[in-house]
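# What the coordinates show
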Amino acid sequence: MRVFLAGASGLIGQRLIPRLVEDGHVVGGMTRSAGKTELIERLGAEAILCDVFDREALIQAVVDFKPDLILNELTDLPDDLAEIGKHAELNARIRTEGNQNLIDAARQAGSPKLLVQSVAWQLPDGPDAVAVASLEQSVLAEGGVVLSYGQFYGPGTYNEQQVPAEPRVQIDRAAELTVEALGEPTGVVVITD
C-alpha cells in the first residue's frame, strides 16, 4: 500500500517507517520541519514537507502522493513532561483542526482509509479531552480506525526509566501493533501491553 504518514518524524512515526517499508509499503512521511526530512528519507520514506495547518498545501500533498491509507500520528507535545499542561491547547488544535484538514485532504484524494492516533485513558476535562472526543467521532464518521494507545514507555518517551500505570504500551510494541492494525475495519483498536 501507499501510506501517507502524518507525524513521520515523531516518536512513533520514526519507529513505524522502517516497519512499514519492511512490509513492502511505500511511505510518504510528512513533517513540518525541514530539518527532519533527511531523517525520514534515511528511515526509508519519501519526505513530504508540509504543515498540517496549511490546508491547501496539505490537500495538494496528499492528492499528489495518492495514498491507499492515511496514518495520522500527529501530536503537539513538549519534550519536557513538566510542560505538558502548557501545550494542551496546541495538542487540542492538532487533534481537531489538523485532523479535519487530513480528513478533507483524504476526501480530495479519493477517500483512502484513515487510521488516527488517540489515547486509551480518560483525559481530565479540558480542551484535550474535548479534542480527543471530536477526533474519534470524526474518524469513525469517515469509516476510519481510531488507534487508542496506552501511555508510551521505553526509549525516547516520557517514561524511559519507569513503566507508567495502565493502560500502557512499550513504544516499539506500539509500532508493531499499529502496522498489524492497517487492515482493521472501522472502529476502535486498543493498542496496549
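Let me begin by describing the structure that accompanies this report. (Residues numbered from 1 in each chain as written. Predicted model: local features only at pLDDT ≥ 70, side-chain atom pairs only at ≥ 80, totals over all residues. Heavy atoms only, no water.)

### Considering the overall build of the protein chain
Within the protein chain one finds six helices and nine strands. The globule rule puts the C-alpha radius of gyration for 193 residues at 16 Å, and the 15 Å found for the protein chain is close to it. The principal-axis extents of the C-alpha atoms in the protein chain amount to approximately 40 × 35 × 30 Å. Burial statistics for the protein chain: of 193 residues in total, 49% are counted as buried. In the protein chain, once contacts between residues fewer than 6 apart in sequence are set aside, the share between residues at least 24 apart is 64%. (Helix = DSSP H or I, 4+ residues; strand = E, 2+ residues; numbered from the N terminus. Rg over C-alpha atoms; globule rule 2.2 N^0.38 Å. Buried < 20%, exposed > 50% of the residue type's maximum accessible area, 1.4 Å probe, protein only. Contact = heavy atoms within 4.5 Å.)

### Notes on helix α3 (residues 55-65)
Of the residues making up α3, those classed as buried are Leu 58, Ile 59, Ala 61, Val 62 and Phe 65. Angularly, the buried residues of α3 cover 165° about the axis, an arc narrow enough to put them on a single face. At its buried positions, α3 is contacted by β1 (2-6), β2 (26-31), β3 (46-49), β4 (69-72) and α4 (88-108). (Arc of directions from axis to C-beta.)

### What to know about the side chain of Asp 76
Mapping Asp 76 onto the fold places it in the loop between β4 and α4. A distance of 3.5 Å separates polar atoms of two side chains, one belonging to Asp 76 and the other to Arg 32. (Polar contact = N/O pair within 3.5 Å; in protein donor to acceptor, adjacent residues only side chain to side chain.)

### Thoughts on the packing of α4 against helix α5 (residues 127-141)
It is the contact of α4 with α5, at a shortest axis distance of 8 Å, that shows an interaxial angle of 15°. In this view, α4 runs roughly parallel relative to α5, as classed from their interaxial angle. With respect to the hand of their crossing, α4 and α5 are arranged in left-handed fashion. Contacts from Ala 88, Glu 89, Asn 91, Ala 92, Arg 95, Thr 96, Asn 99, Gln 100 and Ile 103 in α4 reach Pro 127, Asp 128, Ala 131, Val 132, Ser 134, Leu 135, Ser 138 and Val 139 in α5. Within the contact of α4 with α5, the residues separate by chemical class into eight nonpolar, six polar and three charged. (Axes fitted to C-alpha atoms, helices over the stretch in contact; angles between N-to-C directions. Parallel < 35°, antiparallel > 145°, perpendicular 65-115°, else oblique. Left-handed = near helix turned anticlockwise from the far one by under 90°. Nonpolar A, V, L, I, M, F, W, Y, C, P; charged D, E, K, R; others polar.)

### Focus: the pairing of β4
Every second residue of β4 is oriented toward a common face, with Leu 69 and Leu 71 on one face and Ile 70 and Asn 72 on the other, all of them buried. Note that β1 and β4 share four bridges and pair parallel. Residue pairing for β4: Phe 4 is matched across the bridge by Ile 70. Relative to strand β5 (residues 113-119), β4 runs parallel, the two being bridged by four bridges. Residue Leu 71 lies in a different strand from β5, and its bridge partner there is Leu 115. The β-α-β motif built from β4, the intervening α4 and the parallel element β5 has right-handed crossover chirality. (Pairing = 2+ DSSP bridges. Right-handed = clockwise from strand over helix to strand, strands pointing away.)

### Here's the deal with the environment of Asp 54
The topology assignment puts Asp 54 in the loop between β3 and α3. The class for Asp 54 is partly exposed, based on a relative accessible area of 39%. In this structure the C-alpha to C-alpha distance between Asp 54 and Arg 32, which are 22 residues apart in sequence, comes to 10.0 Å.

### Quick look at helix α6 (residues 171-180)
Of all the positions in α6, only Ile 171, Ala 174, Ala 175, Leu 177, Thr 178 and Val 179 are classed as buried. The backbone nitrogen of Asp 172 has a side-chain oxygen 2.6 Å away, supplied by the residue at the start of α6, namely Gln 170.

### Looking at the packing of aromatic side chains
For the structure shown, the criterion picks out two aromatic pairs. With a centroid separation of 6.1 Å and 65° between ring planes, the pair formed by Phe 4 and Phe 65 is classed as edge-to-face. Placement of the pair is Phe 4 in strand β1 and Phe 65 in helix α3, with a sequence separation of 61 residues. No difference in accessibility class separates Phe 4 from Phe 65, as the two residues are buried. Ring geometry for Tyr 149 versus Phe 152: centroids 5.3 Å apart, planes at 65°, classification edge-to-face. In terms of burial, Tyr 149 and Phe 152 fall into one category: buried. One cation-aromatic arrangement involves Arg 2 over Phe 65; the distance from NZ or CZ to the ring centre is 4.1 Å. The side chain of Arg 93 reaches across the aromatic face of Phe 53, ending 3.6 Å from its centre. (Phe/Tyr/Trp six-rings, centres within 6.5 Å; stacked < 30°, edge-to-face > 60°. Lys NZ or Arg CZ within 6 Å of the ring centre and 35° of its normal.)

So, to be careful, I would describe these as geometric facts and stop short of saying anything about function.
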